Amino acid sequence: EQDNNTSNGKEDVEWLVLEVNDGKALLISKYALDCKQYNTMYNADTWENCTLRKWLNNDFVNAAFSADEKAMIPTVTVSADKNPKYSTNPGNATQDQVFLLSIAEANKYFNSDSARQCEPTDYAVANGTYVNSSNGNCWWWLRSPGVYKNYAAYITNGGGLGVLGAYQRNSDYAVRPALWIDLNA
């Protein structure tokens, strides 16, 4: 659901292709699709154990994709990239179908702040995503840790890298899923 009108059915997700390599394509949603806390639990945690990772690889993947589409989404090793500025523990690499970009990946695939800017869907706004009134963009989570173990990095509404991070239980940050697609499936 993207237009927040369930009476007209679900809308197709628009994807941006970030990379094509060895018969697979790395995609990220064009828009921020939902508003979720990085971690709903009080204990500070890494991408490996956060509730957003569990939601993406269960609820989201099952709601957003048909069985045939899910068969095209391989489980891949998602690296536990360190924050380039802080020595916060990033946890361990994970095995995921759907994930968030790391700081390094956001830098690699988007060459400017303007390229990283993202508008939220009406559904994400209805669920609490902050929207900047001057540019219509939102903040969106990255999987890299922030300065503290209970902070996660993010992209600002202006497209800047929030390497300091934000408190993981903030409830107004958006989710922009990323995944690989097997082009030969």
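Further up the page is the structure itself.
Caption draft 1: Local environment of the overall build of the protein. The helix and strand inventory of the protein stands at five helices and 11 strands. The C-alpha atoms of the protein give 15 Å as radius of gyration, which agrees with the globular expectation for 185 residues (16 Å, within 12%). Residue pairs at least 24 apart in sequence account for 61% of intrachain contacts in the protein once pairs closer than 6 positions are excluded. A total of about 8,800 Å² of accessible surface is found on the protein, and carbon and sulfur atoms cover 45% of it.

Caption draft 2: Representation of the sheet that holds strand E2 (residues 24–29). Read across the sheet, four strands follow the order E1-E2-E11-E6 without closing on themselves; strand pairing throughout is antiparallel. Where the open sheet ends on each side, the last strands, each with one partner, are strand E1 (15–21) and strand E6 (98–99). Inspection of the sheet shows E6 paired to strand E11 (residues 178–182) by two bridges, in the antiparallel sense. When the sheet's bridge partners are listed, valine 98 is paired in E11 with leucine 179.

Caption draft 3: Quick peek at the side chain of asparagine 57. Relative to the assigned elements, asparagine 57 resides in helix H1 (residues 51–64). Engagement of the side chain of asparagine 57 in a polar contact is seen with the backbone oxygen of valine 98, the distance being 2.8 Å. Filtering out sequence-adjacent residues up to four positions away, asparagine 57 remains in contact with Asp96, Gln97 and Val98.

Caption draft 4: Molecular detail of unusual backbone geometry. Positive phi, normally seen in glycine, also occurs at aspartate 22, with a value near 55°. Mapped onto the fold, aspartate 22 is located in the loop between E1 and E2.

Caption draft 5: Focus on the nonpolar core. Ranked by size, the top nonpolar core spans 46 residues in total, and within it Leu52, Leu56, Trp140 and Trp141 carry the most contacts. With five residues, H1 is the single largest residue contributor to this core.

Caption draft 6: Summary view of H1. At asparagine 57, H1 shows its largest bend, some 30°. Of all the positions in H1, only Thr51, Leu52, Arg53, Trp55, Leu56, Asn57, Phe60 and Val61 are classed as buried. Elements that come into contact with the buried residues of H1 comprise strand E3 (34–35), helix H2 (67–70), strand E5 (94–96), E6, strand E7 (140–145) and strand E10 (174–175).

Caption draft 7: Quick peek at the environment of valine 17. Checked against the element boundaries, valine 17 lands in strand E1. A C-alpha to C-alpha distance of 20 Å links valine 17 and leucine 161, two positions 144 residues apart in sequence. With sequence-adjacent residues up to four places away left out, valine 17 is seen in contact with Ala25, Leu26 and Leu27.

Caption draft 8: Geometry of the pairing of E11. Summarising burial for E11: four of the five residues are buried, a large majority. With five bridges joining them, E2 and E11 adopt antiparallel strand pairing. Paired with alanine 25 across the two strands is isoleucine 181, which belongs to E11.

Caption draft 9: Structural view of the packing of aromatic side chains. Tallied over the full model, the rule gives 11 aromatic pairs. Ring geometry for tyrosine 38 versus tryptophan 141: centroids 5.5 Å apart, planes at 55°, classification tilted. Note that tyrosine 38 is positioned in the loop between E3 and H1 and tryptophan 141 in strand E7, a separation of 103 residues in sequence. Owing to a relative accessible area of 1%, tyrosine 38 belongs among the buried residues under this scheme. Its relative accessible area of 0% is what places tryptophan 141 among the buried residues. Ring-pair connections join several aromatic residues into one group, and the members of that group are Tyr38, Trp47, Tyr130, Trp139, Trp141, Tyr154 and Tyr173.

Parameters and conventions
- Residues numbered from 1 in each chain as written.
- Predicted model: local features only at pLDDT ≥ 70, side-chain atom pairs only at ≥ 80, totals over all residues.
- Heavy atoms only, no water.
- Helix = DSSP H or I, 4+ residues; strand = E, 2+ residues; numbered from the N terminus.
- Rg over C-alpha atoms; globule rule 2.2 N^0.38 Å.
- Contact = heavy atoms within 4.5 Å.
- Areas by Shrake-Rupley, 256 points an atom, 1.4 Å probe, with all protein chains shown as cover.
- Pairing = 2+ DSSP bridges.
- Polar contact = N/O pair within 3.5 Å; in protein donor to acceptor, adjacent residues only side chain to side chain.
- Core = buried A, V, L, I, M, F, W, Y, C linked by side-chain atoms within 4.5 Å.
- Buried < 20%, exposed > 50% of the residue type's maximum accessible area, 1.4 Å probe, protein only.
- Bend = angle between axes of the 7 residues up to and from the residue.
- Phe/Tyr/Trp six-rings, centres within 6.5 Å; stacked < 30°, edge-to-face > 60°.

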